[in-house]
Amino acid sequence: MSITRVAGLKVGHFTHPQRATGCTVVLCEAGAVAGVDVRGAAPGTRECELLAPSNTVQQVHAIVLSGGSAFGLDAASGVMRWLDERGHGLAVGTARVPIVPAAVLFDLWVGDGRIRPDAAAGYAACEAASTATSDQGNVGAGSGATVGKLFGPQWAMKGGIGTASVTVHGITVGALVAVNAVGDVRDPASGRLLAGARSPQGGLRDTLAALQAGEWPTALLAGANTTIGVVATDAVMSKVQMQRIATMAHDGLARTIAPVHTGFDGDVMFSLATGAAGKTVEPSVLGSLAAEVTAQAVLNAIRAATGLPGLPAHQDLP
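Conventions and cut-offs
- Residues numbered from 1 in each chain as written.
- Predicted model: local features only at pLDDT ≥ 70, side-chain atom pairs only at ≥ 80, totals over all residues.
- Heavy atoms only, no water.
- Core = buried A, V, L, I, M, F, W, Y, C linked by side-chain atoms within 4.5 Å.
- Buried < 20%, exposed > 50% of the residue type's maximum accessible area, 1.4 Å probe, protein only.
- Helix = DSSP H or I, 4+ residues; strand = E, 2+ residues; numbered from the N terminus.
- Contact = heavy atoms within 4.5 Å.
- Patch = residues over 30% accessible without salt bridge, like charges linked within 9 Å, V, L, I, M, F, W, Y side chains within 5 Å.
- Areas by Shrake-Rupley, 256 points an atom, 1.4 Å probe, with all protein chains shown as cover.
- Salt bridge = Lys/Arg side-chain N within 4 Å of Asp/Glu carboxyl O.
- Disulfide = S-S within 2.5 Å.

1. A closer look at the nonpolar core
V179 and V185 are the most contacted members of the largest nonpolar core, which has 31 residues in total. Elements supplying a minimum of two residues to this core: β11 (171–179), β13 (193–195), α4 (239–256), β16 (268–273) and α5 (283–304). Of the residues forming this core, the biggest block, eight residues, is contributed by α5. Once you skip the residues sitting within four places of it in the chain, V185 turns out to touch V147, V179, R192, L193, L194, A195, T256, I257, V298, L299 and I302. One finds L9, C28, I63 and A232 within the second-largest nonpolar core, a separate group that totals 30 residues.

Spelled out as structure tokens, the structure:
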């Protein structure tokens, strides 16, 4: 189950061959109604203000998720160029301007931080985009993603990118999430920790339990984390409604990541509605489904991730 089951969307990844970093694009070339909700206190974003319901632009043509911290915002320029070459964008007089919001996560400490996604990476992600089931784990924006860093990166584990979707009454809701949280990831169905801060004694530390026991971190770097993602539907929705969907999607992060929305994360969720199903749905129902597929995408990202030197993955746990 993938976000690409939402009619009108394509997903493409660029994974850097020299370092664990990359970018991911969700293409909606014909345009999609969009919203955004920024909950983390240290975000890195582009073109988010225009998504406010009171502002003029009604549709976007792609969403970019990227590694590389603020440097990675350059990937959106390559996506704009790809769309422009094909005549996609907002008609402004005789010109067409592609609308490409973006959000980034911090992965500069994983390998050589001088290597970051750039405009060429964004263009390559568009070239790779398709309606096929999206890859998960150590690809695209999830390449250098890590989790469990509240007690320092030396205790972290590998994060990644994941996707999920559900179809009900002919309407599909999907999510794509790059998980790079300061917190741990837990399966809400079983209560089991899947990945997070490791203990010096071996195994997982359980960050929230450690905090309650009085084990507090001593040195944290603001913005050195961040979970970013997109929820999408083929239902017919308004811009105001999609703003609410983006807000409700964050519930999926809160169910699976703890702590979340901290001063050390720049958590951002975008929302897209292509309208391709030709059906409407109560926004609260759609938002509930969006939260559920967001939670599942987080879990899928962690389960699909593979370890890097010094960064074990969920798959490596006994």
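On we go.
2. Section: a nonpolar patch on the surface
Together, L90, V92 and V97 line one region of the surface with nonpolar side chains, adding up to about 210 Å² of accessible area. Tracing the sequence through the fold places L90 in strand β5 (residues 90–92).

3. Observations concerning the state of the cysteines
On inspection of all chains with the given rule, the structure shows zero disulfides. Here C48 is not disulfide-linked; the sulfur of C28 is the nearest cysteine sulfur, at 14 Å. The exposure class of C48 is buried, given its relative accessible area of 14%.

4. A few points about unusual backbone geometry
In this chain, A258 is followed by P259 through a cis amide linkage whose omega measures -10°. For S69, which is not glycine, the phi dihedral falls at a positive 55°. Mapped onto the elements, S69 comes out in the loop between β4 (59–66) and α1 (75–85). We note that T226 has phi near 100°; this positive angle belongs to a residue other than glycine. Mapped onto the secondary structure, T226 falls in the loop between α3 (207–212) and β14 (228–233). Classification of T226 as buried rests on a relative accessible area of 1%.

5. Brief notes about the environment of A189
By the element assignment, A189 lies in the loop between β12 (184–186) and β13. A residue is classified by how much of its surface remains accessible, and A189, at 76% relative accessible area, is exposed. Taking the C-alpha atoms as reference, A189 lies 28 Å from Q241; in sequence the two are 52 residues apart.

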